[in-house]
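# Structural characterization, general
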Amino acid sequence: MGFRLLRGGRSAAEEERPTLTDLYHAHRLGLVRMAVLLVDHQDLAEDVVQEAFTQLYQRHGETLDDLDNALGYLRTSVVNGARSMLRRRKTAREYVPPHEADAPSAEDHAVLNDEHRRVLVALQELTTRQREVLVLRYWSDLSEAQIAETLGLSRGAVKSTASRALDALEKHLEKVR
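This report concerns the structure included in the present document. (Residues numbered from 1 in each chain as written. Predicted model: local features only at pLDDT ≥ 70, side-chain atom pairs only at ≥ 80, totals over all residues. Heavy atoms only, no water.)

### Section: a negative patch on the surface
- There is a patch of like negative charges on the surface, built from Asp 43, Glu 46, Asp 47 and Glu 51.
- Within the element layout of this structure, Asp 43 appears in helix 3 (residues 42-60). (Patch = residues over 30% accessible without salt bridge, like charges linked within 9 Å, V, L, I, M, F, W, Y side chains within 5 Å. Areas by Shrake-Rupley, 256 points an atom, 1.4 Å probe, with all protein chains shown as cover. Salt bridge = Lys/Arg side-chain N within 4 Å of Asp/Glu carboxyl O. Lys, Arg positive; Asp, Glu negative; His and termini not counted. Charge placed at Lys NZ, Arg CZ, Asp CG, Glu CD. Helix = DSSP H or I, 4+ residues; strand = E, 2+ residues; numbered from the N terminus.)

Structure, rendered in structure tokens:
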């Protein structure tokens, strides 16, 4: 009764569950983009996202019961990984003399117009929590409740942080013009 010979012995419910591979193909790029905005380096962002997927696999295996919970776990893991990466970078900079950043490439200038660059620079001027809230809200298009869950904050803290962050962003952009 529970055996399905043509399907390799798995029930229909087991076959319809999303797998970690499905989740990876559907959401990896968006998570990398989110992480880039948090850590400001693509290679580091890719490492953070890869580590999040690795941790999810080690904890739950290939088959996932609930895609929303797995995606929420990944978002939280990426934000926490980005925080850890930034802490490590800060610690490393305290012991190593800072070096001048490489000049942006011609490709960077071609891809981003001047206004986008100004917004990205202004985003880096915000506090870490403000940047996280704005990235999750406007880049990842999460609701206040999802942001609160991802960052471990109350919804009120998310609202006030977003409001202060937008005010600071606006003031910085006005100053640059």
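### Quick word on the nonpolar core
- Counting residues in hydrophobic clusters, the biggest one holds 41 residues, and the most contacted among them are Leu 23, Met 34 and Val 78.
- At the level of elements, helix 2 (20-39), helix 3, helix 4 (67-95), helix 6 (114-125), helix 7 (128-139), helix 8 (144-151) and helix 9 (155-176) are the ones that each hand at least two residues to this core. (Core = buried A, V, L, I, M, F, W, Y, C linked by side-chain atoms within 4.5 Å. Buried < 20%, exposed > 50% of the residue type's maximum accessible area, 1.4 Å probe, protein only.)

### With respect to the packing of helix 2 against helix 7
- For the pair helix 2 and helix 7, the least separation of the axes is 10 Å and the interaxial angle reads 150°. Comparing their axes, helix 7 and helix 2 come out roughly antiparallel. The two elements helix 2 and helix 7 cross, and the hand of that crossing is right-handed. Residues Gly 30, Arg 33, Met 34, Leu 37 and Leu 38 of helix 2 lie in contact with helix 7, whose contacting residues are Arg 131, Glu 132, Val 135, Leu 136 and Trp 139.
- The residue makeup of the contact of helix 2 with helix 7, split by class, is six nonpolar, one polar and three charged. (Axes fitted to C-alpha atoms, helices over the stretch in contact; angles between N-to-C directions. Parallel < 35°, antiparallel > 145°, perpendicular 65-115°, else oblique. Left-handed = near helix turned anticlockwise from the far one by under 90°. Contact = heavy atoms within 4.5 Å. Nonpolar A, V, L, I, M, F, W, Y, C, P; charged D, E, K, R; others polar.)

### Notes on helix 9
- Between its first and last C-alpha atoms helix 9 spans 31 Å; for 22 residues at 1.5 Å apiece the expected length is 32 Å, and the two agree.
- Considered for burial, the residues of helix 9 that qualify are Val 158, Thr 161, Ala 162, Ala 165, Leu 169, His 172 and Leu 173. Projected onto a plane normal to the axis of helix 9, the buried residues spread over an arc of 100° and lie on a single side. Set apart from the buried face of helix 9 by more than 90 degrees, the exposed residues are Arg 164, Lys 171, Glu 174 and Lys 175. (Expected span 1.5 Å × (residues − 1). Arc of directions from axis to C-beta.)

### Points about the packing of aromatic side chains
- Tallied over the full model, the rule gives one aromatic pair.
- Between Tyr 24 and Phe 53, the aromatic rings sit 5.0 Å apart at their centres with planes inclined by 75°, giving edge-to-face as the arrangement. Separated by 29 residues along the polypeptide, Tyr 24 in helix 2 and Phe 53 in helix 3 bring together distant segments of the chain.
- Overall, Tyr 24 belongs to the partly exposed group, its relative accessible area being 27%.
- Of note, Arg 137 hangs over the ring of Tyr 138, and the distance from its end group to the ring centre comes to 5.7 Å. (Phe/Tyr/Trp six-rings, centres within 6.5 Å; stacked < 30°, edge-to-face > 60°. Lys NZ or Arg CZ within 6 Å of the ring centre and 35° of its normal.)

### Quick look at the environment of Asp 47
- By the element assignment, Asp 47 lies in helix 3.
- We classify Asp 47 as partly exposed; its relative accessible area is 48%.
- For the pair formed by Asp 47 and Val 78, sequence separation is 31 residues and the distance between their alpha carbons is 9.7 Å.

### Describing the side chain of Gln 130
- Turning to its location among the elements, Gln 130 is positioned in helix 7.
- Looking at Gln 130, the relative accessible area reads 14%, which means it is buried.
- In contact with Gln 130, not counting residues within four places along its chain, are Thr 161, Arg 164 and Ala 165.

### A closer look at the pattern of salt bridges
- By the definition in use, this model includes three salt bridges.
- Across the pair Arg 83 and Glu 132 runs a salt bridge whose closest N-O atoms are separated by 2.8 Å. In this pair, Arg 83 sits in helix 4 while Glu 132 sits in helix 7, placing the two residues 49 residues apart along the sequence.
- Given a relative accessible area of 3%, Glu 132 falls into the buried group.
- Across the salt bridge formed by Arg 155 and Glu 144, the nearest N and O atoms sit 3.6 Å from each other. Residue Arg 155 is located in helix 9, and its partner Glu 144 is located in helix 8; the two are separated by eleven residues in the primary sequence.
- Arg 155 sits in the partly exposed class, given a relative accessible area of 48%.
- Given the relative accessible area of 27%, Glu 144 is considered partly exposed.

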